[in-house]
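Summary of structural features
Each chain, letter by letter, is given below.
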Amino acid sequence: MSTENLPQSPDQPQRKPRVAVVFGGRSSEHGISMVTAGAVLRAIDRTKYDVLPIGITQSGRWVLTADEPERMAITERRTPNVEQLAETGEGGVVLPVDPANREVVYTEPGSVPKALGEIDVVFPVLHGPYGEDGTLQGLLELSGVPYVGSGVLASAVGQDKEYMKRVFTSFGLKVGPYVVIRPREWEQDESAARKKIIDLAGDHGWPLFVKPARAGSSIGITKVEDLSGLDDAIAEAQRHDPKILVEAALRGREIECGVLEFEDGPRASVPAEIPPPDAHAYYDFEAKYIDSTPGIVPAPLTPEETADVQRLAVDAFEAASCEGLVRADFFLTEDGEFVINEINTMPGFTPISMYPQMWQASGIGYADLVDRLIEAALRRSTGLR
């Protein structure tokens with residue numbers, strides 16, 4: 001489907017495609033999703049598209065929100081939340097589950113449901129579980145509504161760092177040393193699970209990075225310098241996900257590369273480098289979003305290194321069967337080898353985020369980037385493809 005051939009009845013004037021921007025969500029990245037949504041809402045061409053902002057509260061309720069992107073910013077080092085923008089405290093938005101009907105309905109207790117009209121495409125800017133991980137994508141597939149970004153499988157793979165690494169390894173991409181601790185392992189034998197981690201440190205040295213296996217935005221991650229900090233790091237990661245991932249530290253430079261789907265296939269942006277932040281132990285949540293530690297765009301790499309990381313970024317995109325967009329994160333080790341750390345199928349998407357910055361340096365501005373993603377989603381059908 002394209003914006004030029006949306007179905008019209010003979011007696012109706014041509015209408016603009018309607019984009020539902022869905023944001024917030026139940027994950028710990030709720031606030032960052034709102035910041036991303038504010039930027040996307042500001043950038044969408046209102047002469048070309050109608051826009052319907054839909055927020056998902058932290059309890060999971062879908063609500064209509066004010067179309068006021070200026071209220072979706074970080075203020076006084078605090079992120080916003082959907083409840084602050086919800087138009088009512090009780091009403092809810094219901095998406096269709098019939099592929100023949102794309103009409104969104106608004107309901108309130110004791111009131112007749114109100115039809116809000118059809119939507120033609122969803123721009124889901126949710127980060128983390130219950131949105132970026134294939135769950136929302138599955139709902140949209142059932143509804144037959146096109147959407148921006150990767151499908152169910154790629155979204156799930158991109159969210160679960162264990163299976164992401166397994167997929168990359170099977171396609172010949174190099175990943176760093178790691179171990180996974182599943183909740184059942186921890187519940188049945190904590191000492192054996194802890195020994196797996198200590199053995200990783202014995203083989204590769206300290207520090208280690210302890211992470212939730214299915215979270216993003218560097219939330220819940222701890223850099224552990226020695227055994228004394230391990231238990232607290234495990235507890236912090238498990239606050240966000242019962243399954244945790246522990247990685248050996250890789251010595252080298254952090255390099256990122258954006259991938260964007262064009263009509264003829266995915267292409268890579270110029271890469272960026274994330275320098276070690278002065279006030280932080282590593283590139284954590286506060287360094288990314290609160291203090292806005294700047295990256296270096298383009299990264300100071302040789303032409304050969306640039307071509308290598310661009311090729312690997314596209315390889316990662318293809319390995320996970322991604323669509324739309326991806327940010328691929330690498331380490332350039334001291335021996336000159338690129339090791340992939342992870343991909344993000346819905347990366348941070350504010351104008352100061354690295355993904356838009358890399359495409360800006362590649363000749364595609366923020367508003368154009370948003371438009372290209374919507375157009376790509378409209379061209380793509382739901383279902384098996």
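Computed from a predicted structure; not experimentally measured. (Residues numbered from 1 in each chain as written. Predicted model: local features only at pLDDT ≥ 70, side-chain atom pairs only at ≥ 80, totals over all residues. Heavy atoms only, no water.)

1. Remarks on the confidence of the model for the protein chain
- In this model, the protein chain carries an average pLDDT of 90, and 92% of its residues clear a pLDDT of 70 or more.
- Here residues 1-10 is a poorly scored stretch, pLDDT under 50, and it has 19 contacts once near neighbours within four places are set aside; other chains count. (pLDDT = per-residue confidence, 0-100. Contact = heavy atoms within 4.5 Å.)

2. Observations regarding the sheet that holds strand E8 (residues 178-181)
- Here four strands make up an open sheet; going across it, the order is E8-E11-E9-E10 and the pairing antiparallel. Pairing within the sheet leaves two strands with one partner each, and these edge strands are E8 and strand E10 (222-224). Ignoring strand direction, the axes of neighbouring strands in this sheet form an average angle of 20°.
- In this sheet, E10 lies alongside strand E9 (residues 208-212) in antiparallel orientation, the contact comprising three bridges. Paired with Phe 209 across the strands is Lys 223, a residue of E10.
- Helix-sheet contacts for helix H6 (residues 190-204) involve E8, E9 and strand E11 (244-248), and the interaxial angle to E8 is about 175°. (Pairing = 2+ DSSP bridges. Helix = DSSP H or I, 4+ residues; strand = E, 2+ residues; numbered from the N terminus. Axes fitted to C-alpha atoms, helices over the stretch in contact; angles between N-to-C directions.)

3. Describing the sheet that holds strand E1 (residues 18-24)
- Overall, mixed pairing links the four strands, which are arranged E3-E2-E1-E7 in an open sheet. Sheet topology places strand E3 (62-64) and strand E7 (121-124) at the edges, where each strand pairs with a single neighbour. The average undirected angle you get between the axes of adjacent strands in this sheet is 30°.
- In this structure, strand E2 (residues 50-56) lies alongside E3, joined through three bridges in antiparallel fashion. The partner of Gly 55 across the bridge, within E3, is Val 63.

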